[in-house]
Amino acid sequence: MECPHCGHAQHKVIDTRDASDAIRRRRQCEKCNQRFTTYEHVAANLLVTKSDGRREPFDRQKLQSGIQVAAAKRPISSDTIEHVVSQIVEALQGMGRSEVASTVIGNMVLDHLAHLDQVAYIRFASVYLNMNDVAEVRTEIDRLMGR
Ligand SMILES: [Zn+2]
């Protein structure tokens, strides 16, 4: 997490409050001394709606391992994967919703992978989009190459 004022990564927690559905932390940047607030609840309490209508709690670890599988033996460092996961979690938190469709998260992953590595992108897409036949994968590759 970076300071919203200067982008510095080091800050200290000056106040923590446990509200009904969130842990609210007041933080102070160690560089510019500006204060900002973070909420650590949405991702923890976020429900993911699957395509069949089932809901399950958002699982950061599951998201990370899904990306790791797609990125296996590709030139993508674990730091990069961690960073992608953090960015997705932050984006989800920024939406401020209690439920999100699994497709929304999947598309966020695809957006990141499209910029990182095309093989990882296709691997993730084929699992995630349930692309079973070669023609669908081919279409997706063509779409990607057209970008
Ligand atoms: Zn700062």
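Let us look at the structure shown here. No experiment lies behind these values; they were computed from the predicted model shown.

The rules behind the values
- Residues numbered from 1 in each chain as written.
- Predicted model: local features only at pLDDT ≥ 70, side-chain atom pairs only at ≥ 80, totals over all residues.
- Heavy atoms only, no water.
- Helix = DSSP H or I, 4+ residues; strand = E, 2+ residues; numbered from the N terminus.
- Buried < 20%, exposed > 50% of the residue type's maximum accessible area, 1.4 Å probe, protein only.
- Contact = heavy atoms within 4.5 Å.
- Expected span 1.5 Å × (residues − 1).
- Arc of directions from axis to C-beta.
- Donors = N, O, S within 2.8 Å, 3.2 Å for Na, K, Ca; no water.
- Tetrahedral: all angles 85-135°; square planar, octahedral: opposite > 155°, others 65-115°.
- Polar contact = N/O pair within 3.5 Å; in protein donor to acceptor, adjacent residues only side chain to side chain.
- Core = buried A, V, L, I, M, F, W, Y, C linked by side-chain atoms within 4.5 Å.
- Salt bridge = Lys/Arg side-chain N within 4 Å of Asp/Glu carboxyl O.
- Pairing = 2+ DSSP bridges.
- Axes fitted to C-alpha atoms, helices over the stretch in contact; angles between N-to-C directions.

1. Overview of the overall build of the protein
When its secondary structure is counted, the protein shows six helices and six strands. For the protein, the succession of helices and strands along the chain, N to C, is β-β-β-α-β-β-α-α-β-α-α-α. Across the 147 residues that make up the protein, the buried fraction comes to 31%. In the protein, the share of contacts with a sequence separation of at least 24, taken over all contacts with a separation of at least 6, comes to 41%.

2. So, helix 3 (residues 78–95)
Taking 1.5 Å as the rise per residue, helix 3 with 18 residues should run 26 Å; its terminal C-alpha atoms sit 26 Å apart, in good agreement. Among the residues of helix 3, those classed as buried are Ile 81, Val 84, Val 85, Ile 88, Val 89 and Leu 92. The arc that holds the buried residues of helix 3, viewed along the axis, is 130°, so those residues lie on one side. Residues Asp 79 and Gly 94 are exposed on helix 3 and point more than 90 degrees away from its buried face.

3. Thoughts on the coordination of the zinc ion
Distances from the zinc ion to its protein donors, Cys 3 (SG), Cys 6 (SG), Cys 29 (SG) and Cys 32 (SG), fall within 2.3 to 2.4 Å. Because the angles between the four donor atoms bound to the zinc ion fall within 106 to 113°, the donor set is best described as tetrahedral. Of note, the zinc ion draws all its donor residues from one chain, in the sequence arrangement C-x2-C-x22-C-x2-C. You can see Cys 6 sitting in the segment before strand 1 (11–18) and its partner Cys 29 sitting in strand 2 (residues 23–29), a full 23 residues away along the chain. The exposure class assigned to Cys 6 is partly exposed, which follows from its relative accessible area of 33%. In this structure Cys 29 comes out as buried when scored by relative accessible area, which is 1%.

4. What about the environment of Ser 126?
Relative to the assigned elements, Ser 126 resides in helix 5 (residues 118–128). A distance of 2.8 Å separates the side chain of Ser 126 from the backbone oxygen of Arg 123, its partner in a polar contact.

5. Regarding the nonpolar core
Generally speaking, a soluble globular protein has its nonpolar side chains buried in company with each other. By size, the foremost hydrophobic cluster in this structure holds 28 residues, and its most contacted members are Phe 58, Leu 63, Ile 67, Ile 88, Leu 92 and Ile 105. Put simply, the parts of the chain that give this core at least two residues each are helix 2 (60–70), helix 3, helix 4 (102–116), helix 5 and helix 6 (134–145).

6. What to know about the pattern of salt bridges
Evaluation of the coordinates by the stated rule reveals six salt bridges. Between Glu 56 and Lys 62 there is a salt bridge, with the nearest N and O atoms lying 2.6 Å from each other. You can call Lys 62 partly exposed: its relative accessible area is 44%. One salt-bridge network, in which partners are shared between bridges, spans Lys 50, Glu 56 and Lys 62.

7. Topic: the sheet that holds strand 6 (residues 99–101)
Across the sheet, three strands lie side by side as 5-4-6; this open sheet has mixed pairing. The sheet is open, and its two edges are formed by strand 5 (55–57) and strand 6, each paired on a single side. On average, each strand axis in the sheet is tilted by 30° relative to the strand beside it, whichever way the strands run. Sheet topology note: the strand 4 (residues 47–49)/strand 5 ladder contains three bridges and is antiparallel. For Val 48, the partnering residue across the bridge sits in strand 5 and is Glu 56.

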